[in-house]
Amino acid sequence: MKKILYSLRSHKLLQVYSALIAIVAGLLFGLIILIVIDPSQAFPAFNSMLFAGFRRGLSSFGNVIFFATPIVLTGLSVGFAFKTGLFNIGATGQLLIGGFVAVYIGVTMTFFGPFTWVIAVIAAGIFGALWGIIPGILKAYKGVHEVVTTIMMNYIALYLVNYFVKSSIYDGLNNRSLPVPRANIIPKFGLDVIFSHSNIQGGFLIAIIAMLIIYFILNKTVLGFELKAVGYNKDASKYAGINDKRRTIHAMMIAGALAGLAGASMYLSDSFTYINVQDSMPTQGFMGISVALLGLKDPIGILLAGLFFGYLQVGGQNMQLYGFAPQVIDVMTGMIVYFSALSLIFAKFAIRFFRLRNEGDDA
Amino acid sequence: MIFLLQQMLFFSMPLLVVAVGGLFSEKSGVVNIALEGLMIFGAFCGILFLFFIEGRIDGQFVLVLAMIIASAGGMLLGLMHAYASVSMKANQAISGMALNIIAPALAVFVARQVTPSELIPFRQRFVIREVPILSDIPIIGPILFERAYITTYVALTVFVIALIVVRSTRFGLRLRASGEHPHSLESSGVSVQKVRYTSVLISGALAGLGGIVFFIPTSGEFSAQVSGYGFLAIAVLVFSKWNIKRIIWISFFFGLMQTIAATHSSLVYVRDLDFIPSEFYKMLPYVATIIVLSFSRGASPAPSAIGIPYDVSER
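Keep in mind that this is a model prediction, so the values were computed, not measured. (Residues numbered from 1 in each chain as written. Chains lettered and ligands numbered in written order. Predicted model: local features only at pLDDT ≥ 70, side-chain atom pairs only at ≥ 80, totals over all residues. Heavy atoms only, no water.)

Visitor: Can you break down the overall build of chain B residue by residue, with the values?
Guide: When you go through chain B residue by residue, the secondary structure sums to 13 helices and four strands. For 315 residues, the compact-globule estimate of 2.2 N^0.38 gives 20 Å, and the C-alpha radius of gyration of chain B, at 20 Å, lies within 12% of that figure. By principal-axis analysis of the C-alpha atoms, chain B measures approximately 60 × 45 × 40 Å. Taking all contacts inside chain B whose residues are at least 6 apart in sequence as the whole, residues at least 24 apart take part in 77%. About 12700 Å² of surface is accessible on chain B, with carbon and sulfur atoms providing 66% of the total. (Helix = DSSP H or I, 4+ residues; strand = E, 2+ residues; numbered from the N terminus. Rg over C-alpha atoms; globule rule 2.2 N^0.38 Å. Contact = heavy atoms within 4.5 Å. Areas by Shrake-Rupley, 256 points an atom, 1.4 Å probe, with all protein chains shown as cover.)

Written out as structure tokens, the structure reads:
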């Protein structure tokens, strides 16, 4: 028993090592690109990127949290679906639908007074869940692969939201929705006192609460156990009496709700209170995939990974001062995900490396 | 009507080439959801070449060169996918997703370093007004041989060659075996790794080619997105049940949907329905995909070893 526990823990440790190595490798790849483009500016730019999140102390870190909030939530969405063996590429669409519902309520239903934002956030979660249910049902009862349906649902959500914005809360002059009044955005719960002079938003607390709930569901409830069982082995769990079809739908529903909350946190923050009518998608949904993968599909890991990618985003804004397009950050993000796919080999290498070093210390 | 069919051709050719590319990879047992990224990267390489060569040499020859470069670019990125999923036995969906993030980011990054904006412009100069003699054939002539692009002919040729390769060559047989029973393939003395590497590289080359086939007839500048065509190609592949003969018809079907979405305001039949907002036309291809997939009956006949890294010692 002790041996099994030990091997389980060392397996987790192995994955953490591999994630760290993926990060280092991805950053180095980014550095190489910078050197190729402009050797003289590469090192100062890279340096400034690495420390941008702490440059001005807590206020810089407030900006990190601002970027991290929606991607932690979409990361939780993707990661939760992963646990049930589902690849939710549709977080973008669920985020858009949730975001629209939140903005719509924030603009029109002011009769709820100070509770408007609460209603808006809850509704965003519900509609995100409804959007997530559709691929879940199709997967469970029609056997349509969720990768295809969730991607298609992203495009449908994009155009549907454009249509709804145009026909209800439209600001034709700027080709976007009317802004949510300041009174109806998510309050900051005093976070702005700690992280002064930053874009900090109260939505971060929602992300933390969501993370705790997901951690609880996955580790302490029957639902979580059954969801994970379906993810590990569908046939075995069916044999054990688990209704795998309903669990598939539940997983997509909860994933959708999380992405819907991400939408609410994005559009009900004070630097971003309207939805643009455009043909391209917000990137926060896709970022969720990177966050979930780097976070090892684990709620706490996802929180850390979200903060890490938020940190990189803040660093990316500084790159322009050195004449580099901020997209180099996205290249690094992609490379980190790529390297984390190679994790096992990396991790084994890491173990050998650390063991060798330890032996060296002993000697 | 002829305009409609011609537009349909422009929209379905990239789908055709990219879906055939996806078929090569998936038949050999390697999931390829990186098609979108491969398309973007291929188109990026090809059009960057056009951007630099602008005004020096001209004519169809340049376009052929651009197509070759696009294929090479797709192959290069495909090599990354092959390395991760064949050599390193990594999770193929994760590697594919990573490439989907890297490709557009790299394209925008480089584009912004060489041009003032995120877009790479290229001059529209490849249209063939009409092909002599052939354009006089009734019906087919005006559709295929007037205001045409050689990209269309290349795409159709690629499809025919792929059809022959997959169905009636030794490599095609090995390809299918590698995706169904890799261990029996290995036991007959063929390296599964080699077959899978080759297929993923072909897949990358075709997806890269598909990227430039997408941009040349319908646009005048490169922007780092292909409107989800790579993902639509996956839908085509799933709907075709991994059968290469069906791919062409399904590509035409999706091409038609895209055509209606893009040109509905100028179509005679649809113009009277102007109470339907344009957003709903834009949704049409994606809604159609979901409906069509949920009503296609029968168990999914995906290659049985798809997504499973090949490990010799597991026999």
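The rest of the description comes next.
Visitor: Account for the overall build of chain A, naming residues and giving values.
Guide: Broken down by element type, chain A carries 15 helices and two strands. Since a compact globule built from 363 residues should have a radius of gyration of about 21 Å, the 21 Å found for chain A is in line with a globular shape. Within chain A, the fraction of its 363 residues that count as buried is 56%. Long-range pairs, those at least 24 residues apart, make up 76% of the contacts in chain A between residues at least 6 apart in sequence. (Buried < 20%, exposed > 50% of the residue type's maximum accessible area, 1.4 Å probe, protein only.)

Visitor: Describe the pattern of salt bridges, with residues and values.
Guide: Residue and element names in this part refer to chain A. This structure, assessed with the given rule, holds three salt bridges over all chains. Of the charged contacts in the structure, one is a salt bridge between E146 and K139, with a shortest N-O distance of 3.0 Å. Among the residues examined, E146 registers a relative accessible area of 2% and is labelled buried. Exposure remark for K139: the relative accessible area of 21% places this residue in the partly exposed category. (Salt bridge = Lys/Arg side-chain N within 4 Å of Asp/Glu carboxyl O.)

Visitor: Give a description of helix α14 (residues 328-341) of chain A that names residues and reports values.
Guide: Compared with an ideal rise of 1.5 Å per residue, which puts 14 residues at 20 Å, α14 of chain A spans 20 Å between its outermost C-alpha atoms and is within 8% of the ideal. Counting buried residues in α14 of chain A gives 13 out of 14 residues, a clear majority hidden from the surface. (Expected span 1.5 Å × (residues − 1).)

Visitor: Lay out the interface of chain B and chain A in plain terms, naming residues and giving numbers.
Guide: Taken together, the contact between chain B and chain A spans 43 residues of the former and 42 residues of the latter. Of the roughly 3700 Å² buried between chain B and chain A, counting both surfaces, carbon and sulfur atoms make up 81%. On inspection of chain B and its partner chain A, the count reaches one salt bridge. Close ionic contact of E279 of chain B with K166 of chain A constitutes a salt bridge, the shortest N to O distance being 3.0 Å. The tally of links from chain B across to chain A stands at three residue pairs in polar contact (both at pLDDT 80 or more). When residues of the side of chain B that touches chain A are traced back to their parent elements, those giving at least two are α3 (60-87), α4 (92-114), α10 (229-239) and α13 (278-295) of chain B. At 14 residues, α4 of chain B tops the list of elements feeding residues into the side of chain B that touches chain A. Residue composition of the side of chain B that touches chain A, by class: 29 nonpolar, eight polar and six charged. (Buried area = accessible area lost by both parts, 1.4 Å probe. Polar contact = N/O pair within 3.5 Å; in protein donor to acceptor, adjacent residues only side chain to side chain. Nonpolar A, V, L, I, M, F, W, Y, C, P; charged D, E, K, R; others polar.)

Visitor: Can you break down empty space enclosed by the protein residue by residue, with the values?
Guide: Residue and element names in this part refer to chain B. A complete count under the given rule lists one cavity of 30 Å³ or more for this structure. As a volume, the largest cavity reaches approximately 40 Å³. Lining the largest cavity we find Q6, L9, F10, I143, L144, E146, R147, A148 and T152. Within the residue set of the lining of the largest cavity, elements represented by two or more residues are α1 (2-27), α5 (140-145) and β3 (146-148). Of the residues belonging to the lining of the largest cavity, the class tally is five nonpolar, two polar and two charged. (1 Å grid on protein atoms, 1.4 Å probe; cavity = no way out; pocket = protein on both sides within 12 Å on 5 of 7 lines; lining within 4 Å. Points joined across faces, edges and corners; volume = space filled by probe spheres on them.)

Visitor: A description of the packing of aromatic side chains should follow, citing residues and the corresponding values.
Guide: To describe a pair of aromatic rings, you give the distance between the ring centres and the angle between the ring planes. Scanning the model with the defined rule gives 19 aromatic pairs over all chains in all. Both rings, one in Y159 of chain A and one in Y286 of chain B, keep their centres 6.5 Å apart while their planes meet at 25°; by these two values the pair is stacked. Of this pair, Y159 of chain A sits in helix α6 (residues 146-167) while Y286 of chain B is found in helix α13, placing the two residues in two different chains. Grouped by ring-pair contacts, the aromatic residues F41, F44, F214, F215, F222 and Y229 of chain B constitute a single cluster. (Phe/Tyr/Trp six-rings, centres within 6.5 Å; stacked < 30°, edge-to-face > 60°.)

Visitor: Can you explain helix α5 (residues 116-142) of chain A? Please cite residues and give values.
Guide: Look at α5 of chain A: 39 Å from first C-alpha to last across 27 residues, which is about the 39 Å you get at 1.5 Å a residue. With its phi angle positive at about 65°, G143 of chain A sits one or two positions after the end of α5 of chain A.

Visitor: Please give an account of the confidence of the model for chain B that cites residues and values.
Guide: Close reading of the predicted structure is inappropriate where its pLDDT is low. In the predicted model, chain B carries a mean pLDDT of 85, and 95% of its residues have values of at least 70. Taking the mean pLDDT of every element in chain B, the minimum, 61, falls on helix α12 (residues 268-271) of chain B and the maximum, 92, on helix α9 (residues 192-218) of chain B. (pLDDT = per-residue confidence, 0-100.)

Visitor: Describe unusual backbone geometry, with residues and values.
Guide: All names here are of chain B. For K241, which is not glycine, the phi torsion reads 55° and is therefore positive. You can see K241 is positioned in the loop between α10 and α11 (244-263). Relative accessible area serves as the criterion here: at 27%, K241 is assigned to the partly exposed category. Positive phi values are uncommon outside glycine, yet W242 reaches one of about 55°. Mapped onto the fold, W242 is located in the loop between α10 and α11. The class of W242 is buried, set by a relative accessible area of 8%.

Visitor: Break down the nonpolar core for me, with residues and values.
Guide: One recurring pattern in soluble globular proteins is that nonpolar side chains are buried together. The biggest cluster of nonpolar side chains holds 215 residues, and the ones touching the most others in it are F87, F309 and Y338 of chain A together with F44 and F222 of chain B. When near neighbours in sequence (up to four residues on either side) are disregarded, Y338 of chain A contacts M80, H81, Y83, A84, S95, A98, L99 and I102 of chain B. (Core = buried A, V, L, I, M, F, W, Y, C linked by side-chain atoms within 4.5 Å.)

Visitor: Explain the packing of α5 of chain A against helix α11 (residues 244-267) of chain A to me, using residue names and the numbers behind them.
Guide: Each pair of packed helices gets described by two things: the angle between the helix axes and the distance between those axes. Residues and elements named next belong to chain A. Axis separation between α5 and α11 bottoms out at 6 Å; the angle between their running directions is 145°. Both α5 and α11 take part in a crossing whose hand is right-handed. Taken together, the residues that form the contact of α5 with α11 break down as 14 nonpolar, seven polar and three charged. (Axes fitted to C-alpha atoms, helices over the stretch in contact; angles between N-to-C directions. Left-handed = near helix turned anticlockwise from the far one by under 90°.)

Visitor: Describe the environment of A84 of chain B, with residues and values.
Guide: Turning to its location among the elements, A84 of chain B is positioned in helix α3. Once you skip the residues sitting within four places of it in the chain, A84 of chain B turns out to touch Y338 and L342 of chain A together with K89, A90 and S95 of chain B.

Visitor: An account of the environment of A305 of chain B is needed here, citing residue identities and associated values.
Guide: Residue and element names in this part refer to chain B. By secondary structure assignment, the location of A305 is in the segment after α13. On the basis of relative accessible area, A305 is assigned to the buried category, the value being 7%. In the structure, A305 is positioned 65 residues away from S240 in sequence and 18 Å away in space, judged by C-alpha atoms. The contacts of A305, once residues within four sequence positions are left out, are G29, S178, G179, E180, P182 and R196.

Visitor: Hey, could you go over the side chain of D244 of chain A for me, with residue numbers and the actual values?
Guide: For D244 of chain A, the location among the structural elements is in helix α11. No salt bridge is formed by the buried D244 of chain A; its nearest oppositely charged neighbour, K238 of chain A, is found at 4.5 Å. (Lys, Arg positive; Asp, Glu negative; His and termini not counted.)

Visitor: Any chance you could break down the packing of helix α3 (residues 58-83) of chain A against helix α4 (residues 91-108) of chain A for me, citing the residues and the numbers?
Guide: Residue and element names in this part refer to chain A. Running from N to C, α3 and α4 point in directions that differ by 130°, and their axes come no closer than 10 Å. As the angle between them shows, α3 and α4 are arranged oblique. In the crossing of α3 with α4, the sense of the turn from one axis to the other is right-handed. Residue-level contacts link T74, S77 and V78 of α3 to A91, Q94 and L95 of α4. (Parallel < 35°, antiparallel > 145°, perpendicular 65-115°, else oblique.)

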